[in-house]
Amino acid sequence: MDLTWSADEQAFRAEARAWLETNVPPAGLASGDTREGFARHLEWERALFDARWAVVSWPQAYGGRDASLWEWLIFEEEYSRAGAPQRVTQNGIFLLAPTLFEFGTPGQRDRFLPTMASGEETWCQGWSEPDAGSDLAAISSRAVRDELAGGWRLSGQKTWTTRGAFCTHLFGLYRTDSDAERHRGLTYFLVPLDTPGVTVRGFGRLDGDEGFADVFCDDVFVPDDLVLGEVDQGWKVAMATTGSERGLTLRSPGRFLATTSRLVELARERGAADPLVRQRIAQGQIDAEAYQLQTLATVTKLSAGEHPGAESSLTKVFWSELDVQLHETALGLAGHDAELEDSPWMKGWQFALSGPIYAGTNEIQRNVIAERVLGLPRK
Amino acid sequence: MRFAFTENQLAFRDAVHDLLAKECPPSVVRDAWTNETGRSSTAWTELAKMGVLGALVPEAQGGLGLSEIDVVLLAEETGRVALPEPFVEHMLVGAPLLATEAAASGITTVTAGDPLVPYADTADTIVRLGHESFVADRDDSTLEAHRSVDHSRRLFSVETSGSPRALDAAEVSTAYWRGTLGFSAQLVGLGHHLLATTVEYVVARRQFGVPIGSFQAIKHKLADVRIALEFAAPLVYRAAYSLTVSDPAARTHVAMAKAASADAATLAARHALQCHGAMGYSFEYDLHLWIKRVWALAAAWGDATWHRELVARAILDT
Ligand SMILES: Cc1cc2nc3c(=O)[nH]c(=O)nc-3n(C[C@H](O)[C@H](O)[C@H](O)COP(=O)(O)OP(=O)(O)OC[C@H]3O[C@@H](n4cnc5c(N)ncnc54)[C@H](O)[C@@H]3O)c2cc1C
């Protein structure tokens, strides 16, 4: 065991910290889940990209720094510590990109990765449908073969699509073989949202921001080269994306360590004498560090070539419950101010409450843990 | 950066695991509840032969000269089998404090505690840590027995009539934090055993024509236990590392480890009992031997609330 950083890693941290300290907008940006705020966030993404901080772990050819997983973790820590803006490009760079690296053709990578990194093109995730939430394999959106044109014609409704109203592209699952068993016969498509036949309708999330959208397709033509992975193998490809969403890449420990230090700061300002409050804050600190340490263990394994499996479900339940707990404690310290809608903790609290729902609800994750980690019978 | 144990550390763990599988099956734990000493007999002598009991004693004094990070997994293994011995008290606390060849080889047994000292009647040397901290010979001490809910843990209050050696603050601190680390590791091991036996039970036990492990209410309880253990263990390993490298925050790290491991093991005990139904509630069934060890160790050497307050002080008051 060696819990120290190498000289190179420390230098990397120092470089990231220095850049963030001069460049992070001190007053923050309007919510990226509004049209106006989304545009501001894209300017920020462009600044990140120009300084090659947008996608540090990617190859240099696509705008990255070939950073190791360790350096990536360091960057994430510094990013959260600096209070830098939310990543409105996250569904592309953290979820689709790993899938493109694994399943994409060279042509698809060259076509989509650079514009994704710069924020020129932005991606939303089209899994859920009105009748297919937790039961994702129940999706009914269809893709019908158009042999003559060399592609597929998509129809159906996706919903709760994060920032769908502001993004340029969607990745999603469509049923290409209606006779196959539920998990077979699905195909993973990359869909430009300006294609004729696409209609997008934004709608509000819990906090009122227009962060959700319905994405309707009505006979939308998508050429063959926008199929990711093989036809009818979409489930397998999609599972790689959801693995990233639950695990390491979407919610790295730096985020919760930063929230915890803000909570500690708040408590120091308000005077933390109440023993119950002290217990909760200490618990938050313990859990945030536990998540960080467990991540270090995971990255050690990944660096040794091991592949994490259903264990990412343990992580997802843990960080999402931790986030709720941290915000609940902070609101408890705010007294009657807790009611004020514009306080950062109220905004954060509402978002924290979505953690146990998105990326596979925590009930579904507990099923996965019980069945695939502990080996309990399905039925 | 590398958060993993070395091949050697894992091999040592495996050797102790195999030794304990042979020398400390559940029948030994059960026997310790009613035998004269509360202890295992052969497991202890075999651990001594392997050198484990003197692992932290310097080589010059006949020990293995290892450090906390090398032995934390051994403590976890002794927890897994609920070894009825003053293992942490001797190996992590007493033997390195005395650093004698007799203690290193296990010829003499050292125990430790505050205010109650487990196995003081069968130990040769007693370390009291707390209000007054000292080392005394058992023969110079007057013992009064107290009954632990875990009948294998023979507890005694200790009055000493001789002239015990007083311990200085540094000795007390080293001993206390090493001991607390050891119990944290044992709690993780206990929790894992409780989870594993409960998984086995709910797969085998059928009601309504299906294994009870197929019911979601059961699944989600056991998933929560698995999560709690998953995130308690790294805190325990980090605490061992921090003690080894004398990290300035080492004590806070041990406090975090004890709080998290006590909570995780307590949750494991609670859900294990619930998932076993009345079978688990039966005195003749082994489950309660592990559950009661969890209760004992969760309370000993500072409970979760006490350790969390130490963490609160470190982050809020300094
Ligand atoms: C903030 C946010 C962002 C999102 N972004 C996207 C996005 O970008 N793209 C996208 O495709 N989707 C997105 N979603 C949708 C998300 O994927 C779904 O909400 C999620 O899969 C759950 O589906 P559902 O909402 O239909 O709930 P349901 O599946 O109807 O579940 C409702 C409740 O029933 C429980 N339940 C359901 N099945 C079981 C079961 N088998 N066992 C036990 N309990 C069960 C659930 O745990 C939950 O508590 C987002 C959701 C949120 C909240």
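Since this is a predicted model, take the numbers as computed values, not measurements.

Definitions and limits used
- Residues numbered from 1 in each chain as written.
- Chains lettered and ligands numbered in written order.
- Predicted model: local features only at pLDDT ≥ 70, side-chain atom pairs only at ≥ 80, totals over all residues.
- Heavy atoms only, no water.
- Axes fitted to C-alpha atoms, helices over the stretch in contact; angles between N-to-C directions.
- Helix = DSSP H or I, 4+ residues; strand = E, 2+ residues; numbered from the N terminus.
- Left-handed = near helix turned anticlockwise from the far one by under 90°.
- Contact = heavy atoms within 4.5 Å.
- Nonpolar A, V, L, I, M, F, W, Y, C, P; charged D, E, K, R; others polar.
- Domains from an automatic or database assignment.
- Buried area = accessible area lost by both parts, 1.4 Å probe.
- Pairing = 2+ DSSP bridges.
- Salt bridge = Lys/Arg side-chain N within 4 Å of Asp/Glu carboxyl O.
- Disulfide = S-S within 2.5 Å.
- Polar contact = N/O pair within 3.5 Å; in protein donor to acceptor, adjacent residues only side chain to side chain.
- Core = buried A, V, L, I, M, F, W, Y, C linked by side-chain atoms within 4.5 Å.
- Buried < 20%, exposed > 50% of the residue type's maximum accessible area, 1.4 Å probe, protein only.
- Near = heavy atom within 4 Å.
- Areas by Shrake-Rupley, 256 points an atom, 1.4 Å probe, with all protein chains shown as cover.
- Phe/Tyr/Trp six-rings, centres within 6.5 Å; stacked < 30°, edge-to-face > 60°.

K.L.:
I keep staring at the packing of helix H9 (residues 312–333) of chain A against helix H11 (residues 362–373) of chain A and nothing clicks. Help me out?
P.N.:
The packing of two helices is summarised by the inter-axis angle and the distance between the axes. All names here are of chain A. Interaxial distance between H9 and H11 falls to 9 Å at its minimum, and their mutual angle equals 145 degrees. Here the hand of the crossing between H9 and H11 comes out left-handed. Where H9 approaches H11, its residues Ser-313, Leu-314, Lys-316, Val-317, Ser-320 and Glu-321 are matched on the opposing element by Asn-362, Gln-365, Arg-366, Val-368 and Ile-369. Of the residues assigned to the contact of H9 with H11, the class counts are four nonpolar, four polar and three charged.

K.L.:
I tried to follow the domain arrangement of chain B on my own but got confused; where do I start?
P.N.:
Residues and elements named next belong to chain B. Segmenting chain B into domains produces domain 1 (7–167) and domain 2 (170–316). For domain 1 and domain 2, the distance between their C-alpha centres works out to 20 Å. Taken together, the contact pairs 38 residues of domain 1 with 36 residues of domain 2. For the pair domain 1 and domain 2, the summed buried area comes to about 3100 Å², and 65% of that belongs to carbon and sulfur atoms.

K.L.:
Explain the sheet that holds strand E2 (residues 117–118) of chain B to me, please; I cannot follow it from the model alone.
P.N.:
Consider a sheet: its strands pair through backbone hydrogen bonds, and that pairing is either parallel or antiparallel. Residue and element names in this part refer to chain B. With antiparallel pairing, the three strands of this open sheet are ordered in space as E2-E6-E5. Edge positions in the sheet fall to E2 and strand E5 (141–147), since each of these pairs with one other strand and no more. With seven bridges joining them, E5 and strand E6 (residues 154–160) adopt antiparallel strand pairing. Its bridge partner being in E6, Glu-144 is matched across the sheet by Ser-157.

K.L.:
What is the right way to look at the interface of chain B and chain A in this model?
P.N.:
How big an interface is tends to be reported as the loss of accessible area on association of its parts. Of the residues lining the interface, 43 residues belong to chain B; the matching set on chain A comes to 42 residues. Roughly 4100 Å² is buried in total at the junction of chain B and chain A, and carbon and sulfur atoms are behind 68% of that figure. Contact with chain A buries surface across chain B, with Met-1, Phe-3 and Phe-231 of chain B losing the most and accounting together for 22% of the total. If you look at where chain B meets chain A, you find five salt bridges. Two residues, Asp-224 of chain B and Arg-366 of chain A, come together in a salt bridge whose shortest N-O distance is 2.7 Å. Looking at the side of chain B that touches chain A, the elements with two or more residues in it are helix H7 (169–204), helix H8 (216–244), helix H9 (250–281) and helix H11 (304–316) of chain B. At 15 residues, H8 of chain B tops the list of elements feeding residues into the side of chain B that touches chain A. A per-class count over the side of chain B that touches chain A returns 25 nonpolar, seven polar and eleven charged.

K.L.:
For this particular structure, what's the right way to read the state of the cysteines?
P.N.:
Put plainly, a disulfide is one covalent bond tying together the sulfur atoms of two cysteines. The full count for this structure, using the stated rule, is zero disulfides over all chains. For Cys-124 of chain A, which is in no disulfide, the shortest distance to another cysteine sulfur is to Cys-167 of chain A and amounts to 4.7 Å.

K.L.:
Explain the sheet that holds strand E7 (residues 165–166) of chain B to me, please; I cannot follow it from the model alone.
P.N.:
Residues and elements named next belong to chain B. The strand order across the open sheet formed by four strands is E1-E3-E4-E7, and the pairing between neighbours is mixed. Lying at the two open borders of the sheet, with one neighbouring strand each, are strand E1 (110–113) and E7. By the bridge criterion, two bridges tie strand E4 (residues 134–137) to E7 in an arrangement that is antiparallel. Its bridge partner lying in E7, Val-135 is registered against Arg-165. Most of the contacts of helix H5 (residues 87–98) go to E1, to which it runs at about 105 degrees, and overall it touches E1, strand E3 (125–128), E4 and E7.

K.L.:
When you look at the side chain of Glu-77 of chain B in this model, what are you seeing that I'm missing?
P.N.:
Residue and element names in this part refer to chain B. With respect to the helices and strands, Glu-77 occurs in helix H4 (residues 68–80). Here His-17 takes part through its side chain, which lies 2.7 Å from a polar atom of the side chain of Glu-77. Residue contacts for Glu-77: discarding those within four places in its chain leaves Arg-13, Val-16, His-17 and Leu-20.

K.L.:
Just checking my understanding: could you explain the domain arrangement of chain A for this structure?
P.N.:
Residue and element names in this part refer to chain A. Per the domain assignment, the segments of chain A are domain 1 (7–88), domain 2 (123–234) and domain 3 (247–373). Summarising the inter-unit geometry, the C-alpha centres of domain 2 and domain 3 are found 31 Å apart. Domain 2 puts five residues into the contact, and the matching count from domain 3 is six residues. Carbon and sulfur atoms supply 49% of the area buried between domain 2 and domain 3, which totals about 460 Å² over both sides. Looking only at domain 2, the three residues that lose the most surface to domain 3 are Ser-134, Leu-206 and Asp-207, adding up to 77% of its buried area. For Lys-347, the salt bridge is made with Asp-209, and the minimal N-O distance between the two is 2.7 Å. Run the count over domain 2 and domain 3 and you get three residue pairs in polar contact (both at pLDDT 80 or more).

K.L.:
How should the nonpolar core be read in this particular structure?
P.N.:
Proteins that are soluble and globular tend to have nonpolar side chains buried together. Core analysis: the biggest nonpolar cluster contains 212 residues, and Leu-154, Tyr-188 and Leu-190 of chain A together with Phe-87 of chain B have the highest contact counts within it. Not counting the four nearest positions on each side in its chain, Phe-87 of chain B is found in contact with Trp-44, Leu-47, Val-52, Leu-53, Leu-74, Ala-75, Thr-78, Leu-92 and Gln-186 of chain B. Judged by nonpolar contacts, the second largest core, of five residues, contains Ala-120, Ile-126, Phe-156 and Val-158 of chain B.

K.L.:
Even after reading the chapter, I still don't get the site of the ligand, so can you show me in this structure?
P.N.:
Not every one of the 17 residues close to the ligand is listed here, only the nearest: Gln-125, Ser-128, Ser-134, Thr-162 and Glu-363 of chain A. Two or more chains meet at the ligand, and those chains are chains A and B. Separating an oxygen atom of the ligand from a side-chain N or O atom of Ser-134 of chain A is a distance of 2.6 Å. Thr-361 of chain A places a polar side-chain atom, nitrogen or oxygen, 2.7 Å from an oxygen atom of the ligand. Isolated, the ligand exposes 960 Å² of accessible area, and the fraction of that covered by the protein chains is 68%. When residues in the shell around the ligand are grouped by element, the largest group, three residues, is from H11 of chain A. A per-class count over the shell around the ligand returns six nonpolar, ten polar and one charged. Both domains that meet at the shell around the ligand, namely domain 2 (123–234) and domain 3 (247–373) of chain A, each give it at least three residues.

K.L.:
For this particular structure, what's the right way to read the packing of aromatic side chains?
P.N.:
In this description, an aromatic ring pair is defined by two values, namely the gap between the centres and the angle between the planes. Considering all chains together, one arrives at 32 aromatic pairs over all chains under this definition. Ring centres 6.1 Å apart and planes at 20 degrees place the aromatic pair Phe-256 of chain A and Trp-319 of chain A in the stacked group. On the criterion of sequence distance, the pair formed by Phe-256 of chain A in helix H7 (residues 253–270) and Trp-319 of chain A in helix H9 is long-range, its members being 63 residues apart. Accessibility expressed as a relative area gives 0% for Phe-256 of chain A, which makes it buried. For Trp-319 of chain A, a relative accessible area of 2% translates into the label buried. Cluster of aromatic residues (ring-pair linked, three or more members): Phe-256, Tyr-291, Phe-318, Trp-319, Phe-351 and Tyr-358 of chain A together with Phe-231 of chain B.

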